[in-house]
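Geometric and topological summary
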Amino acid sequence: PARPSSRMWPRNLSACAAVAASSARACSLLAPRSRAPLSRARMSTYDPGRHSVDMDEVAKFGKLAERWWDPDGPQAMLRLMNPARVGYIRHRLGLQFGMVDKASPRPLEGLSFLDIGCGGGFASEAFAHLGADVLGVDASEEAIGVAKKHATENGLMGDGVPYTLEYKCSLAESLAEKKMEFDVVTALDIIEHVPDQTHFFCTCLSLVKKGGALFVSTLNRTSLSYAMAIVGAEYVVRYVPAGTHDWNKFVTPEEIRAMVHHYEDYEVLNSLEAPEAEAVMVVEDMSGITYDPFKSRWGLKPENLEVNYIAHISKN
C-alpha cells in the first residue's frame, strides 16, 4: 500500500522527543495523569446484560468512515499495520489448530470469525481472503456502510466467493445476549475506546467457543506510548486526528491477564456445568507491533510491548 503521507515520521525516538518538547502547547494539554493499574478488587462486575459503548467515540470514528480506505487518510497507519496483525493471527491459529500448510490459499477455511469493531473492514476482508467465514460488527452505521460498499465493489460479497463475509451494525453485547459463539473473536484496537474495558473484554471472551481463540490488540500505558502515540502521532506528525486516543485508557499486559482471570471467576460462579467442565483461559502469547519509518511498514517484535501489542488468548 501507498505511504500514508508525504510527512515523514521522525527517524528515531530522540528526534520525536525533541520536537515534542518544543511544543509547549501539546505538552501542557496532554500531560498524562496517573492511573492506578486495574486490580481484581476494583474491576467492574461482569454483567452479560449490560452494554458498554461510548457514543462519543462511535460518532468520532463515524466521521472518519468515508476516508477509511484512503491511503493518505486518518486510518492509513492502521491500514499499514493490518498485514502484521493478520499475519500474527494466522501464525498463532496455525499453532493452536494445527493449520501449518503455509502454501494453502485458504488456511483459515472452516473457521468462523467475529471481528468486533471492524470499522471499514481492514481485518475482516483479510480474514475472508484467507478462507474464514467472517462477521464484522461495529457500532458505527457509517463505518459498516463503508465496509459493505468496499467489499461489494471489490467482489468480496455475494455469490461465487468461497467464504462468507457479512457486516452488521451491532454491539458485542447484543451478540452475547443471543448466545452466539465463534471459533475466533478479534478485537483489534478497540478496547482502548470503550468506557468499561473489563466488561467489554469479558463479553469478547463469552463469544469464543470452547477450544477457540480471542485476539486483542491495543496500546500499552507507558511513557513511550504517550510520546509516540499521543504527542508524536497526534500532535507532531499528525498521522491521526488530535484526540483520537486517551492515554489513560491504554491497557497494560498485566491488566489483560487480570481481565482473563476475572472472566474465569465469573464463569465458575455462574456456570451450571460441573467445575471440571469449565473452560480454562490461557494467555498463549503477546507480541509487540513496531513501526519501521525507513520501510514505512509495521512488523512484529515479541520482546517489545512498550507501545502497540497484540495478545492471543485461548479457551481450552
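Located above this text is the structure these notes cover.
Here's what I pulled together on the structure shown here.

1. Quick look at the pairing of strand 2 (residues 133-138)
Counting buried positions along strand 2 gives 5 out of 6 residues, so the element sits mostly inside the fold. Judged from the 5 bridges that link them, strand 1 (residues 112-116) and strand 2 form a sheet pairing that is parallel. When the bridges of strand 2 are listed, L114 appears paired with L135. Handedness of the crossover joining strand 1 and strand 2 through helix 5 (residues 122-129) is recorded here as right-handed. Direction of pairing for strand 2 relative to strand 3 (residues 165-169): parallel, over a ladder of 5 bridges. Paired with G136 across the strands is Y167, a residue of strand 3.

2. What to know about the packing of aromatic side chains
For the coordinates displayed, the defined rule picks out 6 aromatic pairs. Centre to centre, the rings of Y88 and F215 are 6.2 Å apart; their planes meet at 90°, and the pair counts as edge-to-face. Taken together, the residues Y88 in helix 4 (residues 76-97) and F215 in strand 5 (residues 208-219) connect sequence positions 127 residues apart. Taking 4.7 Å as the distance between ring centres and 40° as the angle between the ring planes, the aromatic pair formed by F113 and F127 counts as tilted. Of this pair, F113 sits in strand 1 while F127 sits in helix 5, placing them 14 residues apart in sequence. By relative accessible area, which is 0% here, F113 ends up buried.

About the cut-offs
Residues numbered from 1 in each chain as written. Predicted model: local features only at pLDDT ≥ 70, side-chain atom pairs only at ≥ 80, totals over all residues. Heavy atoms only, no water. Buried < 20%, exposed > 50% of the residue type's maximum accessible area, 1.4 Å probe, protein only. Helix = DSSP H or I, 4+ residues; strand = E, 2+ residues; numbered from the N terminus. Pairing = 2+ DSSP bridges. Right-handed = clockwise from strand over helix to strand, strands pointing away. Phe/Tyr/Trp six-rings, centres within 6.5 Å; stacked < 30°, edge-to-face > 60°.

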